[in-house]
Amino acid sequence: MPSIIVHGGAGAAVADADEFRPGMRAAVSAGWAVLAGGGRALDAVEAAVRSLEDDERFNAGRGAVLTEDGTVEMDASIMEGDRLGCGAVGAVSRVANPITLARRVLDDSRHVLLVAHGAHAFARAAGLPECDPASLITERQRRRLAERRAATPGNTPSRTPGGARSGTLPGTVGATALDRHGTVAAATSTGGMLGKRPGRVGDSALIGCGTYADSSLGGVSCTGDGEAIIRVVLARRALEYLKEADDPDYAAKVSVDLLVEEGRGEGGLIVVDWRGRIGYAHSTPLMPVGWMTPTLGEPALPF
Ligand code: GLY
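Residues numbered from 1 in each chain as written. Predicted model: local features only at pLDDT ≥ 70, side-chain atom pairs only at ≥ 80, totals over all residues. Heavy atoms only, no water.

A. Inspection of the nonpolar core at higher detail. Formed by 52 residues in total, the largest nonpolar core has its most connected members in Ile 4, Val 6, Met 24, Ile 78, Val 89 and Leu 101. It is helix 2 (residues 41–53) that provides the largest number of residues to this core, a total of 7 residues. Leu 217, Ile 229, Val 256 and Leu 259 belong to the second-largest nonpolar core, a separate cluster that totals 30 residues. (Core = buried A, V, L, I, M, F, W, Y, C linked by side-chain atoms within 4.5 Å. Buried < 20%, exposed > 50% of the residue type's maximum accessible area, 1.4 Å probe, protein only. Helix = DSSP H or I, 4+ residues; strand = E, 2+ residues; numbered from the N terminus.)

And the structure:
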């Protein structure tokens, strides 16, 4: 049974979560259009994530958070679970859709991860349009960086006693899907963490941490404290839990416990299993999430 689940990032509660609803509906619909037409899960998750990268309310593509220098550096990864094909990019600033660049890395298959100027050179060679990094910066993110600088002199990340970064808005985006051929794919894209050091690469660029897919088990996309997610290799571990329990919702919940207790961070993840069942969990107040299956008339958006 084909299915897709999409997230819009784990983060703090916002006064109006409805602001994320149109973008989430559009992303689920973009992915579902591919699956309903008999297309590949890989194309579906790329389409869903591209849609959110193009929506400046999310922390990916245009609207990405800024580094401590006021620049944009984005990470993305994508994986197809039949033959463990994967592609990823880190610290890129000259492409509007990093997930499509990651997809080109997967299709090229020579390497798994390209970063910074090497990734930009590959994008040019692959014929992807180059964009002006300034075109990705929004007034909202400029303001957020200014507020952060004022609130945290010395630029130390603000942490709650439990270890989680406080005040982070939702925004990293991801999707995972099963197609009618039985293939699972997953994709994740982000601007990373507000006020990060230039050159910092997070979990969303790292296969096994932010993204993983194995068609015999399922697919996972993670969001939240990147350093904590890397510490516990969250996406791959979530599939181990899925294998043990055969329950995507349970696997998601146990994975979040792992992130909080062992990783000492906050976040969330989405899961689809090899049968098309979906699951999700988050430790943060909000994680926009939406999904579509053949039994639904329209995307479910329970947030
Ligand atoms: N999870 C997104 C990041 O920390 O980069």
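We are not done yet, so read on.
B. Structural view of the pattern of salt bridges. Evaluated as defined, the whole model comprises 17 salt bridges. One salt bridge connects Asp 246 with Arg 275, and the closest N-O pair in it is separated by 2.8 Å. Pair noted here: Asp 246 is in the loop between helix 7 (234–245) and helix 8 (248–261) and Arg 275 is in the loop between strand 9 (267–273) and strand 10 (278–282), with a separation of 29 residues, a long-range link. The exposure class assigned to Asp 246 is partly exposed, which follows from its relative accessible area of 37%. Each of Asp 43, Glu 46, Arg 103 and Asp 107 takes part in a single network of salt bridges with overlapping partners. (Salt bridge = Lys/Arg side-chain N within 4 Å of Asp/Glu carboxyl O.)

C. Representation of helix 8 in the model. The terminal C-alpha atoms of helix 8 lie 20 Å apart, and with 14 residues this matches the ideal 20 Å at 1.5 Å per residue to within 8%. Among all positions in helix 8, only Pro 248, Ala 251, Ala 252, Val 254, Ser 255, Val 256, Leu 258 and Leu 259 are buried. Looking at the buried side of helix 8, the elements it contacts are helix 6 (226–232), helix 7, strand 9 and strand 10. The backbone nitrogen of Asp 249 has a side-chain oxygen 3.1 Å away, supplied by the residue at the start of helix 8, namely Asp 247. (Expected span 1.5 Å × (residues − 1). Contact = heavy atoms within 4.5 Å. Polar contact = N/O pair within 3.5 Å; in protein donor to acceptor, adjacent residues only side chain to side chain.)

D. Region of interest: the state of the cysteines. By the definition in use, this model includes 0 disulfides. You can see Cys 222 has no disulfide; the closest cysteine sulfur is in Cys 209, sitting 8.4 Å from it. Judged by relative accessible area, Cys 222 falls into the buried class, the value being 0%. (Disulfide = S-S within 2.5 Å.)

E. Inspection of the sheet that holds strand 2 (residues 74–80) at higher detail. Across the sheet, which stays open at both edges, the 7 strands sit in the order 4-3-2-6-5-1-11 with mixed pairing between neighbours. For this open sheet the edge positions go to strand 4 (113–115) and strand 11 (289–292), each flanked by a neighbour on one side alone. Sheet twist, expressed as the average angle between the axes of neighbouring strands with direction ignored, equals 5°. Where strand 1 (residues 3–7) meets strand 5 (residues 173–178), 5 bridges bridge the pair, whose relative direction is antiparallel. Bridge pairing links Val 6 to Ala 175 in strand 5. Most of the contacts of helix 1 (residues 21–36) go to strand 1, to which it runs at about 155°, and overall it touches strand 1, strand 5 and strand 11. Packing against the sheet, helix 2 makes contact with strand 1, strand 2, strand 5 and strand 6 (184–190), and its axis sits at approximately 160° to strand 5. (Pairing = 2+ DSSP bridges. Axes fitted to C-alpha atoms, helices over the stretch in contact; angles between N-to-C directions.)

F. Here's a closer look at the pairing of strand 6. Taking burial as the measure, the 7 residues of strand 6 include 7 buried ones, the bulk of the element. Relative to strand 6, strand 2 runs antiparallel, the two being bridged by 6 bridges. Residue pairing for strand 6: Ala 76 is matched across the bridge by Ser 189. Pairing geometry for strand 5 and strand 6, over 6 bridges, is antiparallel.

G. Region of the structure containing the site of the ligand. Every residue near the ligand is listed here: Thr 172, Thr 190, Gly 192, Arg 200, Gly 202, Asp 203, Ser 204, Gly 224 and Gly 226. At 3.0 Å from an oxygen atom of the ligand is found a main-chain nitrogen or oxygen belonging to Gly 226. When the free accessible area of the ligand is taken as 200 Å², the share hidden by the protein chains comes to 98%. Across the shell around the ligand, the residue classes tally to no nonpolar, 7 polar and 2 charged. (Near = heavy atom within 4 Å. Areas by Shrake-Rupley, 256 points an atom, 1.4 Å probe, with all protein chains shown as cover. Nonpolar A, V, L, I, M, F, W, Y, C, P; charged D, E, K, R; others polar.)

H. Inspection of the environment of Ala 36 at higher detail. With respect to the helices and strands, Ala 36 occurs in helix 1. Using a relative accessible area of 45% as the deciding quantity, one classes Ala 36 as partly exposed. Measuring from C-alpha to C-alpha, the distance between Ala 36 and Asp 179 comes to 8.7 Å, with 143 residues separating the pair along the chain.

I. A look at the packing of helix 3 (residues 98–108) against helix 4 (residues 116–125). Two numbers describe how helix 3 lies on helix 4: the axes approach to 10 Å, and their chain directions differ by 75°. The angle between helix 3 and helix 4 falls in the class roughly perpendicular. Within the contact between the two elements, helix 3 uses Leu 101, Arg 104, Val 105 and Asp 108 and helix 4 uses Ala 119, Phe 122 and Ala 123. Its residues placed into classes, the contact of helix 3 with helix 4 shows 5 nonpolar, no polar and 2 charged. (Parallel < 35°, antiparallel > 145°, perpendicular 65-115°, else oblique.)

J. Broad picture of the sheet that holds strand 8 (residues 218–224). Across the sheet, 4 strands lie side by side as 7-8-9-10; this open sheet has antiparallel pairing. At either end of the open sheet lies a strand with only one pairing partner, and these are strand 7 (211–214) and strand 10. Taking each pair of neighbouring strands and ignoring which way they run, the sheet shows an average axis angle of 10°. Sheet topology places strand 7 next to strand 8; 4 bridges connect them, and they run antiparallel. Bridge pairing links Asp 214 to Gly 218 in strand 8. Relative to the sheet, helix 8 contacts strand 9 and strand 10, its axis offset from that of strand 10 by approximately 25°.

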